[in-house]
Amino acid sequence: MIWQIKAADKNLSRIEYGISKELGISKVLSRILINRGINERRRAEKFLHPSLENLANPFSLAGMEKAVGRIIKAKEKGEKVLIYGDYDVDGVSSVALCLIILKGLGLNTNFYIPERLTQGYGLHQEAIRLAHEQEISLIITVDCGITNRKEVLFARSLGIDLIITDHHLPEEEQRPEAFAIIDPACNPVRDKSLNGGQTIEEDFRELAGVGIAYKLMQALLDSMHLTGQLLPSQHLDLVALGTIADLAPLLGENRILVKEGLKAIKESKKEGIRALLRVSGLADKEVNTHHVGFALGPRINAIGRIASANTAVELLLTESYEEAALLAKLLDEENRHRQNLEKRMLGEVYSLIERGKLDSNYSIVLAKEGWHPGVAGIVASKIVDRFHRPTIILTLEKELARGSGRSIENFHLFRAVKKCKDLLLSYGGHKLAIGLSLKKQNLSLLQKRLEEEARASISEADLEEKIVVDAVVSLPEITPSLLEELSALAPFGRGNPRPLLASRNLKVGKFIRKKNGNLFCWLEEEGRYLEAVGFGMAKTIEISPGELVDALYSPRINNWNGIKRIQLNLKDIKPATTSLRTQ
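Residues numbered from 1 in each chain as written. Predicted model: local features only at pLDDT ≥ 70, side-chain atom pairs only at ≥ 80, totals over all residues. Heavy atoms only, no water.

Draft legend 1. Expanded view of helix α11 (residues 252-266). Spanning 15 residues, α11 covers 22 Å between terminal C-alpha atoms, matching the ideal 21 Å at 1.5 Å per step. What α11 keeps buried is the set Glu253, Asn254, Arg255, Ile256, Leu257, Val258, Gly261, Leu262, Ala264 and Ile265. (Helix = DSSP H or I, 4+ residues; strand = E, 2+ residues; numbered from the N terminus. Expected span 1.5 Å × (residues − 1). Buried < 20%, exposed > 50% of the residue type's maximum accessible area, 1.4 Å probe, protein only.)

Draft legend 2. Layout of the sheet that holds strand β12 (residues 424-429). The strand order across the open sheet built from five strands is β9-β10-β11-β13-β12, with neighbouring strands paired in mixed fashion. Looking at strand neighbours, the two that pair on one side only are β9 (364-369) and β12, the edges of this open sheet. Direction aside, the axes of adjacent strands within the sheet are offset by 15° on average. In this sheet, strand β11 (residues 400-406) lies alongside strand β10 (residues 391-397) in antiparallel orientation, the contact comprising seven bridges. Following the sheet pairing, Ile393 is matched in β11 by Ser404. Packed on one face of the sheet, helix α15 (residues 321-356) meets β9 and β10 and runs near 125° to β9. Against the sheet, helix α16 (residues 376-387) touches β9, β10 and β11, its axis set at about 45° to β11. (Pairing = 2+ DSSP bridges. Axes fitted to C-alpha atoms, helices over the stretch in contact; angles between N-to-C directions. Contact = heavy atoms within 4.5 Å.)

Draft legend 3. Quick peek at the environment of Val472. Relative to the helices and strands, Val472 resides in strand β15 (residues 471-472). Of the residues examined, Val472 reaches a relative accessible area of 26% and is grouped as partly exposed. Residues Val472 and Ser30 lie 442 residues apart in sequence; the distance between their C-alpha atoms is 13 Å.

Draft legend 4. Inspection of helix α5 (residues 89-104) at higher detail. With 16 residues, α5 should reach 22 Å at 1.5 Å per residue; the first-to-last C-alpha distance of 22 Å fits that figure. Of all 16 residues in α5, 13 are buried, a share of seventy percent or more.

Draft legend 5. Seen up close, the packing of aromatic side chains. Following the criterion strictly, the structure yields three aromatic pairs and no others. Across from the ring centre of Phe179, 4.9 Å away, lies the NZ or CZ of Lys66, which sits over that ring. The positively charged end of Arg386 is found above the aromatic ring belonging to Tyr350, 4.3 Å away from the centroid. (Phe/Tyr/Trp six-rings, centres within 6.5 Å; stacked < 30°, edge-to-face > 60°. Lys NZ or Arg CZ within 6 Å of the ring centre and 35° of its normal.)

Draft legend 6. The arrangement of the side chain of Glu253 in detail. Here Glu253 is to be found in helix α11. Taking relative accessible area as the criterion, Glu253 reaches 0% and is therefore assigned buried. A polar contact of 2.6 Å, which involves the side chain of Glu253, links it to the backbone nitrogen of Ala56. (Polar contact = N/O pair within 3.5 Å; in protein donor to acceptor, adjacent residues only side chain to side chain.)

Draft legend 7. Quick look at the layout of surface pockets. A volume near 400 Å³ is recorded for the second largest pocket. Contributing to the lining of the second largest pocket are 16 residues, with Ile100, His235, Lys269, Lys270 and Glu319 lying nearest its centre. Mapped onto the lining of the second largest pocket, the elements with two or more residues apiece are α5 and α14 (310-317). Here the element with the most residues in the lining of the second largest pocket is α5; it accounts for three residues. Grouping the amino acids of the lining of the second largest pocket by side-chain chemistry returns five nonpolar, four polar and seven charged. (1 Å grid on protein atoms, 1.4 Å probe; cavity = no way out; pocket = protein on both sides within 12 Å on 5 of 7 lines; lining within 4 Å. Points joined across faces, edges and corners; volume = space filled by probe spheres on them. Nonpolar A, V, L, I, M, F, W, Y, C, P; charged D, E, K, R; others polar.)

Draft legend 8. Region of the structure containing the nonpolar core. Within the largest apolar cluster, 80 residues are counted, with the highest numbers of intra-cluster contacts made by Ile83, Leu241 and Ile265. The residues touching Ile265, leaving out its near neighbours within four places in the chain, are Asp237, Ala240, Leu241, Ile273, Leu277, Val287, Val292 and Leu296. (Core = buried A, V, L, I, M, F, W, Y, C linked by side-chain atoms within 4.5 Å.)

Now the structure itself:
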């Protein structure tokens, strides 16, 4: 593991002092902000105090005016409208959000989500044909559609207009010929002005599918002068669910939506969300991004991975306490089933990697009969976390292979897979995550070409885990007031991780304990002692009393039996040497 920190810069030191003085914050917090690229007072203030007032005008998104006009026309003419979504949390929350708003406006609206196991991702002609039979004249896609040129043309041939809202990249250079497309990944925005430090274009490009759907609903209500009656902010609980679960960077617009959305989850009036909180053991807790990512999100995701995502939509829409409790329990049971499948698959993948010595490759592509395609993405993510290589996990079914891939920051997996499109039956996704299918006979060629692409575009250093150190501090600087300040950086997630601090030349105390695979010890500097815990480090870390070490950690308040004290959650610990590398 490589520790990295920004090189010292006298100019940045002056900026650090200025931000600290002007905003009344500590030098440590101002240093963290600067190291994260927030090096101007106005940007720092907006980052520390995100507000819905700072959301950009939704009409800055290309295609928005046309889409809003078409929905208003559908309302006026009493047309039937179909919301077409995806089976993951992002898609499910997008569908629920649009249904609540559009039905509240009086539109005749229904939804459709394809089955992951039998249909797969995106628009399908049979669903469009069914919509035509039901006299639906407008389809709005959420979190999908940008890769479906043929299906869009088919819908047009039946007289159905399509509004595509998506955040993925198109398979080809040409976009579908839809009535309107709202997708900042491929559509230029109309306004590139600054919005809280980032350009509006940068902000929009990082929105999850539910974020795009929210902007559409916001624009629609604004156009109809109904924001006072149907506040879209009431449904930020759904936006937070989809954004966090889809691992969208928690910066810019996402930061605002998620911070307010976490409050909305805790205070949600939706029976389904309240039931999810109960079944996850979170009803009496302050909900954070970790809870959404590892407790609420997986339960919503599980049903779509193994059965029908319609159940998850019904949970988010129901106004019945009894029905919500029943559906939440069902999702919880499906999640346990998913965990068992994942555990078995992960063990088999580890064995294949070890047997084939694939950890020496630059990429990993594995396929096997009996693996569950709905769990492939989760397993791929865990392999990337452990081996830090782009990974594709596929299940073999007769002559076909299908599954999912995940990547590292320095390898654009979608572009790499796109170069192999002649081998594929279908593919879609973005930089860090893709879904694909191909004939079994092309599997070895895909492995070979992806490996060649990885070796051509990334270095050995890219395959090493790198940890960015937010600031080097002394232990006496770690105080309750500093921890209170650091909490202003939340919500934490991709793009805005929990702060990692480093301290040099710490003395290991006499008390060292190893229990259940975890390491416990005390670290000292200038008479300041703090407890440190390294989860899972008992076997890999060897330290002795009196030894000098460098420690990388995230400081937190540990509340045990009503006693609160500062604890250092160790990420790494090394002998006191030159552990830190400058960027």
